[in-house]
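Below are the chains, spelled out letter by letter.
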Amino acid sequence: MTLKVQADRTLVRTTGRSVRYALLSFAAPDAPRASARQPLSVAFVIDRSGSMGGSKINLARDAVVQALKMLNASDRFAVVSYDEQVDVLVPSTLATSEAVRNAIIQVQHLQARGSTDLGGGWLKGCEQLAGFIDQQQIARCLLLSDGLANHGITEPGELARHAAELRERGVTTSTIGLGVDFDERLLEGLSRAGAGHFYFVETPVQIPDCLTSELGEALQVVARDAAVTVRAADGITVETLNRFSLDTNADGQVSIRLGDLASRQEVSLVLRLTFPTGKEGEARRAVFGVTDAQNAINEPDAEIAWTFADHRANDRQSRNAVVDLAVAQLYAAQAQAEALELNRAGRFEEAIARLERAALRIEQYAGNDRLLRAVVVQLRERHEVYAMPMSAMRSKSEHFASANAASMRGSDGKARRR
């Protein structure tokens, strides 16, 4: 699918500080035939603390067994389990038939017990991957937990720093949180810093689908370390409303890092551009492109020009409803995430006020647009929920929804596919 960039409006004020939005969209290419895909190196890291007893550990075992059967002999895998003690059940090995059979036996003996050294288990899984990093191999650590990190490294910021460092070395981290007791901010922060994906699993029966779907996505990666690039005219500042890291090089080119993209994955990214002062009739341009580590995406760059005009012309210009809706949805997700933190702190009136500010902002330009007005209604319908303490399950559900909206994922946390 061709790279497409749309602006919400193309006139900006001569007096400066105009904010305009650009919606960039494209789809990753099709996966090559199975025999031509890049090999995968994966580490399954499974929480076996006492809270994982019963159906949770049974379904976690089943999920890993299903996932192991998806690999072929050119892939590598490792299996790590942890409570307060970390054990490498299967060191990194090629996924031959014999190795998979032996691993399944090890996994089926996994039992729940003890505390939760989440950091130690995760780092041990990454260690298994780091010993076999190869430019031709995709390395992904899949962490499943239902509890809090209460042993070893427990500070979310420190774990996120490790994840970012491992990302630079080529190791991606994806996390799956199960039930009501895990720390969603820690697991989502870990996956975001590690360029992976975060999933919330309400009931144990969802574990196999979630784990195998994430592995299936990794097996269909077609673009490594993809990024959107923006070369904007002097004086224009560029930000993103999505939850991706943004870098600016010495030449002023901005890069928004998307991580790995799976076959036919749809990308939709909103950029916020702030303009300087300018003369009436003068144009300022920005060029948008997509890159990846192996040049798998070959989309030509796209360019948009904005023209300086007086206040009257700016006020009368038409708007792009498609861009407006994308912007509104992301501002709503941001407001929901911030309101959730206020709710958790018992600051209920402030939480409602945060939602209402977002609703009023969108309402200013919604007009009679049915979809934009629906975003406003949805924000106001949440007032009642945020006005009182939430259950742990509702809190996690709200967090997961806003995280997915901000990171281009579906409501189930999976990639949107063309």
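Please read these numbers as outputs of a predicted model, since none were measured by experiment.

J.: What is the right way to look at the sheet that holds strand β16 (residues 302–309) in this model?
T.: The pairing of strands in a sheet comes from backbone hydrogen bonds and takes either a parallel or an antiparallel form. Here we have 6 strands laid out as an open sheet, ordered β2-β16-β15-β10-β13-β12, and mixed in their pairing. Looking at which strands have only one partner, the edges of the open sheet turn out to be β2 (11–13) and β12 (246–248). When the angles between neighbouring strand axes are averaged without regard to direction, this sheet yields 30 degrees. Inspection of the sheet shows strand β10 (residues 221–232) paired to strand β15 (residues 283–291) by 6 bridges, in the antiparallel sense.

J.: Would you mind going over the sheet that holds strand β3 (residues 19–27) with me for this structure?
T.: On the basis of which strands lie adjacent, the open sheet formed by 4 strands has the order β1-β3-β14-β11 and antiparallel pairing. Unpaired on one side and paired on the other, β1 (4–7) and β11 (237–240) mark the two borders of the sheet. Neighbour-to-neighbour, the strand axes of the sheet open up by a mean angle of 25 degrees, direction not taken into account. Across 4 bridges, the pairing between β11 and strand β14 (residues 266–274) is antiparallel. Note on β14: the bridge partner recorded for V238 is L273. Sheet contacts for helix α8 (residues 321–344): β1, β3 and β14; angle to β3, the most-contacted strand, approximately 95 degrees.

J.: Please clarify how the layout of surface pockets should be interpreted in this entry.
T.: Gaps between atoms show up when a probe of the same size as a water molecule is rolled over them. One number sums up the size of the largest pocket: a volume of about 1,100 Å³. If you list the elements that add at least two residues to the lining of the largest pocket, you get β3, β9 (195–201), α6 (207–219), β14, α8, α10 (370–381) and α12 (392–406). Considered class by class, the residues forming the lining of the largest pocket number 23 nonpolar, 13 polar and 8 charged.

J.: Hey, could you run me through unusual backbone geometry in this one?
T.: Despite not being glycine, R17 has its phi angle at roughly 65 degrees, a positive value. Turning to its location among the elements, R17 is positioned in the loop between β2 and β3. Phi at D225 takes a positive value of approximately 50 degrees, unusual for a residue other than glycine. Tracing the chain through its elements places D225 in strand β10.

J.: How should I be thinking about the side chain of S395 in this particular structure?
T.: Here S395 shows up in helix α12. Residue class for S395 comes out buried when judged on its relative accessible area of 8%. Beyond its immediate sequence surroundings of up to four residues, S395 is in contact with E184, L340, R344 and M390.

J.: Explanation requested: the environment of T277 in the structure shown.
T.: Mapped onto the elements of the fold, T277 is located in the loop between β14 and β15. In sequence terms T277 and F308 are 31 residues apart; their C-alpha atoms lie 8.3 Å from each other. Every residue in contact with T277, bar those within four places of it in the chain, is listed here: T14, T15, G16, R284 and F308.

J.: Sorry, what's going on with the packing of aromatic side chains here?
T.: The description of an aromatic ring pair rests on the distance of the ring centres and on the angle between the ring planes. Considering all chains together, one arrives at 6 aromatic pairs under this definition. On the basis of an interplanar angle of 90 degrees and a centroid distance of 6.1 Å, the ring pair of Y21 and Y331 is categorised as edge-to-face. Taken together, the residues Y21 in strand β3 and Y331 in helix α8 connect sequence positions 310 residues apart. The exposure class of Y21 is buried, given its relative accessible area of 8%. Here Y331 falls in the buried class, since its relative accessible area comes to 9%. An angle of 55 degrees between the planes, with centres 5.2 Å apart, marks the rings of F275 and W306 as tilted. Here F275, found in the loop between β14 and β15, pairs with W306, found in strand β16; they are 31 residues apart in sequence, far enough to count as distant. Of the two residues examined, F275 and W306, each falls in the buried class. Members of the aromatic cluster, joined through ring pairs, are F182, F198, F200 and F400. In this structure, R76 packs its charged tip against the face of F132, placed 3.7 Å from the ring centre. Sitting over the ring of Y331, R361 keeps its end group 3.9 Å from the ring centre.

Reading the values: the criteria
- Residues numbered from 1 in each chain as written.
- Predicted model: local features only at pLDDT ≥ 70, side-chain atom pairs only at ≥ 80, totals over all residues.
- Heavy atoms only, no water.
- Pairing = 2+ DSSP bridges.
- Helix = DSSP H or I, 4+ residues; strand = E, 2+ residues; numbered from the N terminus.
- Axes fitted to C-alpha atoms, helices over the stretch in contact; angles between N-to-C directions.
- Contact = heavy atoms within 4.5 Å.
- 1 Å grid on protein atoms, 1.4 Å probe; cavity = no way out; pocket = protein on both sides within 12 Å on 5 of 7 lines; lining within 4 Å.
- Points joined across faces, edges and corners; volume = space filled by probe spheres on them.
- Nonpolar A, V, L, I, M, F, W, Y, C, P; charged D, E, K, R; others polar.
- Buried < 20%, exposed > 50% of the residue type's maximum accessible area, 1.4 Å probe, protein only.
- Phe/Tyr/Trp six-rings, centres within 6.5 Å; stacked < 30°, edge-to-face > 60°.
- Lys NZ or Arg CZ within 6 Å of the ring centre and 35° of its normal.

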